[in-house]
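Residue strings, one per chain:
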Amino acid sequence: MASKILHVILSCSLLFLLQFQFSAGQNVVKAAYWFSGSEYAVSDIDSSLFTHLFCAFADLNPQTNRVTISSGNQARFSTFTATVQRKNPSVKTLLSIGGGGGDAIKTAFASMASQASSRKLFIDSSIQLARNNNFHGLDIDWEYPANAQQMANFGSLLNEWRAAVAAEARSSGKPALLLSAAVSYSSNYFGVINPVQAISNSLDWINVMAYDFFYNSNSGRITGPPAALYSPGTQISGNAGITAWIQAGLSAKKIVLGFPYFGHSLQLADANNHGFWAPTSGVVNGGATGYKQIKQFIAQNKATHVFNATVVSDYCYSGTTWIGYDDTQSISTKVNYAKGKNLLGYFAWHIANDDNWALSRLASQTWG
Ligand SMILES: *[C@@H]1O[C@H](CO)[C@@H](O)[C@H](O)[C@H]1NC(C)=O
């Protein structure tokens, strides 16, 4: 009897070890991206509020299929880990590759991922770059593989990447590099299905970008909640996306929920019609406004601020300017949601837009 119980306990722990072989030590991910284009000083990051920091972005050279760090980023990237570890010696850093901007990077990713030989160049150069610059891991931000073939190639890339990272760890004797990907809010991105099995097998976790909703609407721009957690009447919400990822077979413990430290600024068609789903005549100032600037806008214009608890989204308006964004109640509700759903954690894009650490501190304290 006793030995049978012991046997059960041993096999359960073995299963546990196998299942969590990549994620040893990641009980929670409290993360944010630092974006070099923000010109925010790395030394000013309050790293005590985070368990993981993403350094964005390394580039993919479309000619060589190798990962590179641009000359303007070299000094800040190579010292990133040492700098953020001064305030928090246990914070882990990941070098993020790619980014959302432009067709060139999408084309470069699609072309690289289409052949085993170019995938190997990408993988080997990324590992070398991470080690040479003292990062603890690598993150791929390909937005997004655009069809079934590209998704299949993305899956092959992830599986080969994991094998190479494991082999490098065996030969170097160092802990394996962490591997993550920034992915669409749902496993099913408007009909294009993510390679969930490869993601599950080969990534430590995914950063789910549950924001930028209703941004590039072709059917005329409306004041949609840009990062709604719930959105009655539409399938476009953080909860709908997270539910889809889990139903597709991904463990909640591999999911990190993303929220924005920026809002969408729109011009109302009618100053008196300022709720959600109101018509607009376009974007203001390019559309994206950082949280810090939004707080200034509210103070300077005595703008009206509304938190909608049904969708979990904030907006503010003054005159015909309308900004949808996440303020403190949205952030704390989302962190509680992530914890309640047993997700691995949360991340924010991006650090420089926080307002004197208000959101990052709140998020960290809310998780506990
Ligand atoms: C919140 O937003 C939803 C969706 O647009 C809407 O139906 C609801 O009336 C709003 N709640 C409040 C209190 O304004």
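It should be noted that the structure appears before, not after, this text.
One structure accompanies this document, and this report is about it. (Residues numbered from 1 in each chain as written. Predicted model: local features only at pLDDT ≥ 70, side-chain atom pairs only at ≥ 80, totals over all residues. Heavy atoms only, no water.)

Turning our attention to the pattern of salt bridges. Tallying each qualifying case throughout the model produces seven salt bridges. Here glutamate 39 makes a salt bridge to arginine 76, at a shortest N to O gap of 3.2 Å. Linking glutamate 39 in the loop between β1 (29–35) and β2 (52–60) with arginine 76 in helix α2 (residues 74–78), this pair joins segments that are 37 residues apart in sequence. Residue class for glutamate 39 comes out exposed when judged on its relative accessible area of 59%. In this structure, glutamate 168 and arginine 131 form a salt bridge, with 2.9 Å as the shortest nitrogen-oxygen distance. Here arginine 131 lies in helix α5 (residues 116–132) and glutamate 168 lies in helix α6 (residues 148–172), a separation of 37 residues in the sequence. Given the relative accessible area of 18%, glutamate 168 is considered buried. (Salt bridge = Lys/Arg side-chain N within 4 Å of Asp/Glu carboxyl O. Helix = DSSP H or I, 4+ residues; strand = E, 2+ residues; numbered from the N terminus. Buried < 20%, exposed > 50% of the residue type's maximum accessible area, 1.4 Å probe, protein only.)

Within the secondary structure layout, lysine 30 lies in strand β1. Buried and unpaired, lysine 30 has aspartate 46 as its nearest opposite-charge partner, separated by 12 Å. A polar side-chain atom of lysine 30 sits 3.1 Å from a polar atom in the side chain of serine 364. Look past the residues within four positions of lysine 30 in its chain and what remains in contact with it is Leu49, Phe50, Thr51, His52, Tyr346, Ser364, Trp367 and Gly368. (Lys, Arg positive; Asp, Glu negative; His and termini not counted. Polar contact = N/O pair within 3.5 Å; in protein donor to acceptor, adjacent residues only side chain to side chain. Contact = heavy atoms within 4.5 Å.)

All quantities given are derived from atomic positions and should not be read as evidence of function.
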